[in-house]
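# Residue-level structure breakdown
Chain residues, written in single-letter form:
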Amino acid sequence: MNKIICLLLLLLSFNIRAQHGNLPLGYDASLLFEKELNNTQLHTSFKPLVKSLVNMKIDLDSLYQTKFINDKDIWYKRKLFYEHTLILNGNDYKVYLSPIIHLDKGKDIHIKKDILTNTRGFMVEGDIGRLVSFSSSFLENQSIFPEYIDYRIRSKKVVPGQGFARDFKKTGFDYAMASGYVSVKPGNKYLIQFGHGKNFIGDGYRSLLISDNSYNYPFLRVQSNFEHIQYTYLCAELLDINYFEDNSTDNNNMGYAKKYLSSHYISANISSNFNLGIFQSVIWDTNIDSGNKGFDIKHINPISLFRPLIYHYKTPHNLMLGINVKYKLPFRSYLYGQLVLDDFKNNKIHVLDYWNNSRYGYQFGAKLYDFIGIENLCFQLEYNLVRPFTYAEQNTRVNYGHYNQSLAHPIGANFSEKILIISYRKNRWGVNSKLIVTKYGDEIEGHSSYGHDIYNSIYDYQNSPNQLSQMYQGDITDILFSQLNVSYLINPASNLKIHFSVMKRVKASQLIESNSIIYNIGIKTDLFNHYYDF
């Protein structure tokens, strides 16, 4: 105990402050610095990015100061338009605090339904000494959603990417979300972060490996940086909130059914233009019932891609492998892609007829900054395809999901998707347009699973893979999603903005058709991705 106290005192004694906090995951907030990062050799595929690593390549404070800050403004203008609301600054610490708000009002025109969001919360970030940084945020929300989101929430019991949904005024939902982490950087090459939040692997809008689509989860992130190679180990505790209820099993006051994710990601700069990432993850069950012994230490394997030992044990698990690639083009642009493989048995890939009958997904895309020579015009194209039953398992307790949501893509599996995003910023004004064309094979009530819902078992697929491996099998569904958003950035420190949005969604399937036109206007702290574009 005395050694621990001495270590903590040592950490707090340095006069140089740390900056090992995370940059926001929000798509719009990331555009402020992404273009500059593309000219560096920084490993950008594992997110959130850490400020101290980014500052080794570009000066974030100088970047924001050049774009927005006027030091000559009087204090209340700085607080409103440039800085955090409260800043505590000492010799060996610095703490920032700002409110988080999201006040929106709109209408679903086709069904004449009023929609609203009322979010209040706070964010606190700080640095202690030169080794420790921390962050904490809490959001309390009440919302009335468009009909297609409302249907998803009532079927899943969870607001997409956010908390457990409770009824609010008959047609709305009350939900909350807490996030936080502590980062410790014991050396120039190592980072340890423990928290409750989300992670993302990839360089595109979606990720087929790990995305920020699901709800927050407790995690441990250990990262090593060696210039051309970055290695990241991620361990997370996940929940299946329906398991005990669906299986008529007594939870013995254990709360929700638990499982764990252990993943390894190696990012290597093969050349100045080409980056290759190798991904491996395993999900295993930990509940103390049916002979399961609970947490199994052997799954915490510190050696990446070294898995044969685990297959000698008869424990339920879900193994996935993947790759992520990025190739830089001239003029601050790049190509990117992903491949995820999820069909393993007896430690061997099903090579025979794999392409036609097995479970995998892939992504390719391009992101171009300063498109056609116009400064701050960003153009992004992306294509995603995931075959039926990918991410699912025969034992549904170890599927690739958390809190009734996919850890990867919000659609699940058995789909293809085309995405076009065009963003433009001029000073504090921003315009973002999005077009998404999706096709998937939905589940049909009363039938066996067609491989769309990752929370369904793959038992039938394993018995008849040739009959249940057709893309878009089930209820063929097409969705056309388009959105235009115009915003004015009030404060870049918290990405507080006023915005107006109009969205159209057309869904057509063999069983149902729907058409939504939705507009809303409001003010929000735009730090998080909310994937309502499904």
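Residues numbered from 1 in each chain as written. Predicted model: local features only at pLDDT ≥ 70, side-chain atom pairs only at ≥ 80, totals over all residues. Heavy atoms only, no water.

What follows deals with the side chain of Asp526. Inspection of the secondary structure assignment puts Asp526 in the segment after strand E26 (513–525). Overall, Asp526 belongs to the buried group, its relative accessible area being 13%. (Helix = DSSP H or I, 4+ residues; strand = E, 2+ residues; numbered from the N terminus. Buried < 20%, exposed > 50% of the residue type's maximum accessible area, 1.4 Å probe, protein only.)

Sheet topology note: the strand E8 (residues 190–197)/strand E10 (residues 217–226) ladder contains eight bridges and is antiparallel. Note that in E10 the partner of Ile192 across the bridge is Val222. Across eight bridges, the pairing between E10 and strand E11 (residues 229–240) is antiparallel. When the bridges of E11 are listed, Asn225 appears paired with Gln230. (Pairing = 2+ DSSP bridges.)

Now for the nonpolar core. With 58 residues, the main nonpolar core has Ile210, Leu261, Tyr391 and Tyr400 as its most contacted residues. Excluding residues that lie within four positions of it along the chain, Tyr391 makes contacts with Leu208, Asn318, Met320, Val340, Asp342, Val386, Asn399, Tyr400, Ala408, Gly412 and Ile454. Core analysis: the next-biggest nonpolar cluster, separate from the first, contains eleven residues, Phe33, Leu37, Leu49 and Leu53 among them. (Core = buried A, V, L, I, M, F, W, Y, C linked by side-chain atoms within 4.5 Å. Contact = heavy atoms within 4.5 Å.)

Of the residues making up helix H6 (residues 147–156), those classed as buried are Tyr148, Ile149, Asp150 and Ile153. Looking at the packing, one finds that the buried side of H6 touches strand E4 (113–128), strand E7 (172–187), strand E24 (475–491), strand E25 (496–509) and E26. In the stretch just after H6, Lys157 is the one whose phi turns positive, near 70°.

Where strand E5 (residues 132–144) meets E7, twelve bridges bridge the pair, whose relative direction is antiparallel. Paired with Ser133 across the bridge in E7 is Ser183. Inspection of the sheet shows strand E6 (residues 166–168) paired to E7 by three bridges, in the antiparallel sense. Note that in E7 the partner of Asp167 across the bridge is Phe173. Remark: three residues form the turn of the hairpin made by E6 and E7, two consecutive strands paired antiparallel; Lys169 in that turn has positive phi of roughly 50°. Relative to E8, E7 is paired through six bridges, and the arrangement is antiparallel. The partner of Tyr181 across the bridge, within E8, is Gly195. Where E7 hands over to E8, the hairpin turn is made up of two residues, counted between the paired strands.

Moving on, we come to the pattern of salt bridges. In total, this model carries 22 salt bridges according to the counting rule given. Between Arg154 and Asp167 there is a salt bridge whose closest N-O contact spans 4.0 Å. Taken together, the residues Arg154 in helix H6 and Asp167 in strand E6 connect sequence positions 13 residues apart. Arg154 gets classed as partly exposed once you look at its relative accessible area, which sits at 42%. Between Lys497 and Asp526 there is a salt bridge; the shortest N-O distance is 3.3 Å. One end of the pair, Lys497, is in strand E25; the other, Asp526, is in the segment after E26, with 29 residues separating them in the sequence. (Salt bridge = Lys/Arg side-chain N within 4 Å of Asp/Glu carboxyl O.)

Right, let's talk about the environment of Asp526 for a bit. When the C-alpha atoms of Asp526 and Pro24 are compared, they prove to be 9.3 Å apart, with 502 residues separating the residues in sequence. Asp526 has contacts with Asp28, Ala29, Ser494, Asn495 and Lys497, leaving out every residue within four places of it along the chain. A polar contact is formed between the side chain of Asp526 and the side chain of Lys497, at a distance of 3.3 Å. (Polar contact = N/O pair within 3.5 Å; in protein donor to acceptor, adjacent residues only side chain to side chain.)

With respect to the helices and strands, the residue Asn199 is situated in the loop between E8 and strand E9 (200–201). Once residues within four sequence positions are removed from consideration, Asn199 is found in contact with Phe46, Lys47, Pro48, Ile210, Ser211, Asp212, Tyr217, Phe219, Arg221 and Leu234.

Following the sequence through the fold, Gly180 ends up in strand E7. Look past the residues within four positions of Gly180 in its chain and what remains in contact with it is Ser135, Ser136, Gly195 and His196.

In this section: the confidence of the model for the chain. Put simply, the chain has an average pLDDT of 85, and 83% of its residues get 70 or more. Within the model, the stretch residues 1–16 combines pLDDT values under 50 with 14 contacts to residues more than four positions away or in other chains. Contacts of residues 346–352 to residues separated by more than four positions or lying in other chains number ten contacts, the stretch itself having pLDDT below 50. (pLDDT = per-residue confidence, 0-100.)

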